[in-house]
Amino acid sequence: MVQRKCFLPKDHSGKCSEFHFLSHLHTVKSSVSNKIRRDSTHTTGAAWKSSDAGPNRIFRWAMLLSDEELLEYGLDMSALKPGVQLKLREKAADYDSCIEVAIKLTYLTYNMAGAPTPPDEIKNYLEAHHGSFDLGSTKCEICQEPLNFALFNEAKVGRAAIETCHLNPRIHNAQNVGFGHRECNIAQGNKTLEEFYAWIDGILKRASL
């Protein structure tokens, strides 16, 4: 379906690795590293079976394939409701963009207050992509309140306190992703962040607040 790649620095020694930047985080908090990898590379649907929810957790780059090509991988798009098909197609992203999202989310995680300290090798790799670390600088992309790494401990099945969010829900790349409170992400819904702020502003004006 896609040619997987090594994302270690060029001319590295030893085995190639796709998600080497998650290796330390996986040892100290595997649930967080698994979340980053999953949210970066897969679509989201619903944990429950519903014709309106559609299939859950499909590789985002698979959504760039034609309906005919997807049949070869066991996904019959014609069997899904038009609205579900549209939602899946909107979540499409190429492989490289998905890995860059994973790198961005890893960087943001290590910059949360209370986050573990990564090895220098990983820290230097992440800084080469997104600039110098600034511990405590990671905020909810929606409400702008600082996020603490401890919030990951509050995650329950289907109800994580921190979710991956998108400034524009229809674009999946490193420039458009971040973390947000679950309630903030739900409130934003399918609106872009700009549309959401305008909606909130309209409510406050009508309420004379």
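Preceding this paragraph is the structure being described.
Let me sum up the structure you'll find in this document.

Our next topic: the environment of H12. Relative to the assigned elements, H12 resides in the segment before α1 (23–28). Among the residues examined, H12 registers a relative accessible area of 26% and is labelled partly exposed. A C-alpha to C-alpha distance of 38 Å links H12 and L71, two positions 59 residues apart in sequence.

The backbone of Q144 sits at a positive phi, close to 70 degrees, despite the residue not being glycine. Summarising the element assignment, Q144 is placed in the loop between α6 (120–130) and β1 (162–166).

In this section: the pattern of salt bridges. Side-chain pairs of opposite charge can arise whenever the charged atoms involved come near each other. Applying the stated criterion across every chain, the model contains nine salt bridges. The salt bridge partner of E127 is K123, with a shortest N-O separation of 3.0 Å. In this pair, E127 and K123 both sit in helix α6, four residues apart, roughly one turn of the helix. Among the salt bridges present, the one from R182 reaches E163, with a minimum N-O distance of 3.5 Å.

With that settled, the discussion passes to the pairing of β1. With five of five residues buried, β1 is to be regarded as a mostly interior element. When β1 meets strand β2 (residues 177–181), the two strands line up antiparallel, connected through five bridges. Note on β2: the bridge partner recorded for H166 is V177.

This next bit is on the pairing of β2. Sheet faces and side chains relate simply in a regular strand, where the side chains alternate between the two faces. Taking burial as the measure, the five residues of β2 include five buried ones, the bulk of the element. Residues V177, F179 and H181 line one face of β2 and the alternating positions G178 and G180 line the opposite face, and both faces are buried.

Reading the values: rules and limits
Residues numbered from 1 in each chain as written. Predicted model: local features only at pLDDT ≥ 70, side-chain atom pairs only at ≥ 80, totals over all residues. Heavy atoms only, no water. Helix = DSSP H or I, 4+ residues; strand = E, 2+ residues; numbered from the N terminus. Buried < 20%, exposed > 50% of the residue type's maximum accessible area, 1.4 Å probe, protein only. Salt bridge = Lys/Arg side-chain N within 4 Å of Asp/Glu carboxyl O. Pairing = 2+ DSSP bridges.

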